[in-house]
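Listed below are the residues making up each chain.
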Amino acid sequence: MTPSRDIALLLEIMAALRTPGSGCQWDLEQTFETIAPYTLEEAAEVADAIVRGDRDDLKDELGDLLLQVVFHARMAEEEGSFAFGDVVHAITSKLIRRHPHVFGDARTLSPTDIKAIWNSVKRSEQAERSLRRRERPSLLDGIPPELPSLSQAVKLQVRAGTVGFDWNDPHLVAAKIREELLETEETFDSGDSSARAEEIGDLLFAVANLARHLDVDPDMALRQANQKFKRRFNAIEKDLEKMNIALGEASLNEMEALWQKAKADERA
């Protein structure tokens, strides 16, 4: 079998892997539930490749993520729910429906009008989904709980903002962060771990809201901060090694000085 750029080969490979008797035993044993963690992991690795700016890795990680889609679609086809073509039909229908300014007659819409139509269509889709599930529709329906918490917070805030439950000034959001920080500090000596967790959650939610108002993806920003921390800490380790000082034997002041050196080196 020769690798191909055609999605049909990927579907064929997945079908072969899931064929009883001749397929892969590991693949045959998988279910939606066992594969779901891998799907989340692959999405996270896509985001990590983007943060690192590694386009070769991004290509590979997108392929791994595409495999997850194909895997889920194959299992659904086996149980008679839907097939990969239905997944493609669903997303193409959604994109056409949500972009009347591109694929319909509404060609002269402003960005504000476009956003309003997008939100209106999404609310309609969520209401239909809730009706199918026989649930009372909510504006906040349809936000996947498996999303990274910061991303989920932003989506909740965006939804609430569509009906005016939102600040329109990042300075007001910053004031809310200061308020939440003070409330967090009040729990320091309380010995109440649940109260601390609640206040930390409120603080993180407010920070995510500020990021949203500044057009910053908080999850991506935190990933970048994590990469920066790893890079600078690695510089500390290398400098300590040159100084013949074991990592566990360096004082906080020594490590802080090397941290500031790493920062300065990056900015030079």
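Up top is the structure these notes are about.
Calculation criteria
- Residues numbered from 1 in each chain as written.
- Predicted model: local features only at pLDDT ≥ 70, side-chain atom pairs only at ≥ 80, totals over all residues.
- Heavy atoms only, no water.
- Helix = DSSP H or I, 4+ residues; strand = E, 2+ residues; numbered from the N terminus.
- Rg over C-alpha atoms; globule rule 2.2 N^0.38 Å.
- Buried < 20%, exposed > 50% of the residue type's maximum accessible area, 1.4 Å probe, protein only.
- Contact = heavy atoms within 4.5 Å.
- Salt bridge = Lys/Arg side-chain N within 4 Å of Asp/Glu carboxyl O.
- Core = buried A, V, L, I, M, F, W, Y, C linked by side-chain atoms within 4.5 Å.
- Axes fitted to C-alpha atoms, helices over the stretch in contact; angles between N-to-C directions.
- Left-handed = near helix turned anticlockwise from the far one by under 90°.
- Nonpolar A, V, L, I, M, F, W, Y, C, P; charged D, E, K, R; others polar.
- Phe/Tyr/Trp six-rings, centres within 6.5 Å; stacked < 30°, edge-to-face > 60°.

Next up on the list: the overall build of the chain. Of regular secondary structure, the chain possesses 12 helices and zero strands. Starting at the N terminus, the α and β elements of the chain follow one another as α-α-α-α-α-α-α-α-α-α-α-α. Taking 18 Å as the expected radius of gyration for a compact globule of 268 residues, we find that the chain reaches 24 Å, considerably beyond that expectation. With respect to the three principal axes, the spread of C-alpha positions in the chain is 65 × 50 × 45 Å. When the 268 residues of the chain are sorted by exposure, 25% land in the buried category. In the chain, once contacts between residues fewer than 6 apart in sequence are set aside, the share between residues at least 24 apart is 50%.

This next bit is on unusual backbone geometry. Note: most residues except glycine have negative phi, and most peptide bonds are trans. Its identity is not glycine, yet Asp-215 carries a phi of approximately 60°, on the positive side. Structurally, Asp-215 is set in the loop between helix 10 (193-213) and helix 11 (218-242). What makes Asp-215 exposed here is its relative accessible area of 74%.

With that settled, the discussion passes to the environment of Leu-65. Structurally, Leu-65 can be placed in helix 4 (residues 55-78). Sequence separation between Leu-65 and Glu-42 is 23 residues; the distance between their C-alpha atoms is 5.4 Å. Beyond its immediate sequence surroundings of up to four residues, Leu-65 is in contact with Thr-39, Glu-42, Ala-43 and Val-46.

According to the stated counting rule, one finds 14 salt bridges in the structure shown. In this structure, Arg-74 engages Glu-78 in a salt bridge whose closest nitrogen and oxygen atoms are separated by 3.3 Å. In this pair, Arg-74 and Glu-78 both sit in helix 4, four residues apart, roughly one turn of the helix. Under the relative-accessibility criterion, Arg-74 is labelled partly exposed at 23%. Under the relative-accessibility criterion, Glu-78 is labelled partly exposed at 37%. A salt bridge links Glu-180 to Lys-176; its shortest N-O distance comes to 3.4 Å. Residue Glu-180 and its partner Lys-176 are located together in helix 9 (residues 170-185), separated by four residues, close to a single helical turn. By sharing partners, the salt bridges in this structure join Arg-18, Arg-74, Glu-77 and Glu-78 into a single network.

Turning our attention to the environment of Ser-193. Topologically, Ser-193 is positioned in helix 10. Residues Ser-193 and Gln-260, spaced 67 residues apart in sequence, show a C-alpha to C-alpha distance of 33 Å.

For the rest of this paragraph, the subject is the nonpolar core. By size, the foremost hydrophobic cluster in this structure holds seven residues: Met-14, Ile-35, Val-70, Phe-71, Ala-73, Met-75 and Phe-84. With four residues, the top contributor of residues to this core is helix 4. Not counting chain neighbours up to four residues away, the residues in contact with Met-14 comprise Asp-27, Leu-67, Val-70, Phe-71 and Arg-74.

A few words now on the packing of helix 3 (residues 32-52) against helix 11. Remark: helix 3 packs on helix 11, axes separated minimally by 10 Å, with the N-to-C direction vectors making an angle of 65°. Crossing angle aside, the handedness with which helix 3 passes helix 11 is right-handed. On helix 11, the residues that touch Ala-44, Ala-47, Asp-48, Ile-50, Val-51 and Arg-52 of helix 3 are Met-220, Arg-223, Gln-224 and Gln-227. Of the residues belonging to the contact of helix 3 with helix 11, the class tally is five nonpolar, two polar and three charged.

Looking now at the packing of aromatic side chains. According to the stated counting rule, one finds three aromatic pairs in the structure shown. Their ring planes at 15° and their centres at 6.0 Å tell us that Phe-229 and Phe-233 sit as a pair that is stacked. Within this pair, Phe-229 and its partner Phe-233 are both found in helix 11, separated by four residues, close to a single helical turn. Between Phe-229 and Trp-259, the aromatic rings sit 5.3 Å apart at their centres with planes inclined by 50°, giving tilted as the arrangement. Here Trp-259 lies in helix 12 (residues 252-267) and Phe-229 lies in helix 11, a separation of 30 residues in the sequence. Through pairs of rings, three or more aromatic residues link up here, namely Phe-229, Phe-233 and Trp-259.

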